[in-house]
Amino acid sequence: RVQWEAVAGFFDALGERIPAYSDSAVAEPPLGEPQAPRLMTASKMCGNKVLNRQNETLGQIDEIVVDVPRGRIAYAAMASGGFLGLGERMFAVPWTALTYDAGRECFVMEARKETFDNAPGFDKDRWPTQAEDEWHDEVHRYYGAPPYWN
């Protein structure tokens, strides 16, 4: 299945591309298959579910975090677990690890639910303050995602 560039205009300005997008792979979607919007605001992405290929819900996008000096998306802050907001953990998911699925209006990630048992996470009330590349390296290595700053 062709993966579509969902937020190209907004994030191209920041120097980001949707993962697995290739200009050579562009084709018209089959009739009846929803096409991802060309532009999408960050606020529209927040609240979207994150599913895996097995259609299990991993969490939902809470925030899009931008590395301001580099002008790049650092990660999506994904909320997962808990009940009615209690016990919920936050995970810094590299942007390059997510793909937008227009048909299901959600993000898809190559991960099993168990991936988040030991994933680098943080409490919703205590966001990471580390701007060091070492912390970002650890997060990207954990998910097997290429670093955005290369």
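Scroll up to find the structure this text is about.
The structure contained in this document is the topic of the report that follows. Every chain's residues receive numbers from 1 upward, in the order its sequence appears when written. Whole-chain, interface and lining totals are the exception, using all residues; otherwise, since this is a predicted model, local features are given only for residues with pLDDT of at least 70 and side-chain atom pairs are given and counted only at 80 or more. Hydrogens and waters are ignored; side-chain quantities use all the structure's heavy atoms.

## Let's talk about the sheet that holds strand β1 (residues 49–52)
(1) Moving on: In this scheme, strands are said to pair when DSSP sees at least two bridges between them. The numbering of helices and of strands both runs from the N terminus, where a helix is a DSSP run of H or I of at least 4 residues and a strand a run of E of at least 2. One open sheet accounts for 7 strands, arranged β5-β6-β1-β2-β3-β4-β7; its pairing is mixed. If you trace the sheet from one side to the other, it starts and ends with β5 (98–101) and β7 (121–123), each paired once. Mean inter-strand twist for the sheet, computed between neighbouring axes without regard to direction, equals 40°.
(2) Moving on: Pairing of β5 with strand β6 (residues 106–109), which is carried by 4 bridges, proceeds in the antiparallel orientation. For helices, the fitted axis covers only the stretch in contact; all axes are lines through C-alpha atoms, and the angles between them, taken along N-to-C directions, range from 0 to 180 degrees.

## Focus: the packing of aromatic side chains
(1) Moving on: Stacked, edge-to-face and tilted are the three classes for Phe, Tyr and Trp ring pairs, Trp counted by its six-membered ring, which pair at centre distances within 6.5 Å; planes under 30 degrees apart are stacked, over 60 edge-to-face, the rest tilted. Taken as a whole, this structure holds 5 aromatic pairs when the rule is applied.
(2) Moving on: Both rings, one in Tyr 100 and one in Phe 107, keep their centres 5.3 Å apart while their planes meet at 70°; by these two values the pair is edge-to-face.
(3) Moving on: Relative accessibility thresholds used throughout: buried, under 20% of the residue-type maximum; exposed, over 50%; partly exposed, between the two (1.4 Å probe, protein chains only). Relative accessible area serves as the criterion here: at 9%, Tyr 100 is assigned to the buried category.
(4) Moving on: Three or more aromatic residues joined by ring pairs make a cluster, and in this case those are Phe 91, Phe 116, Tyr 142 and Tyr 143.

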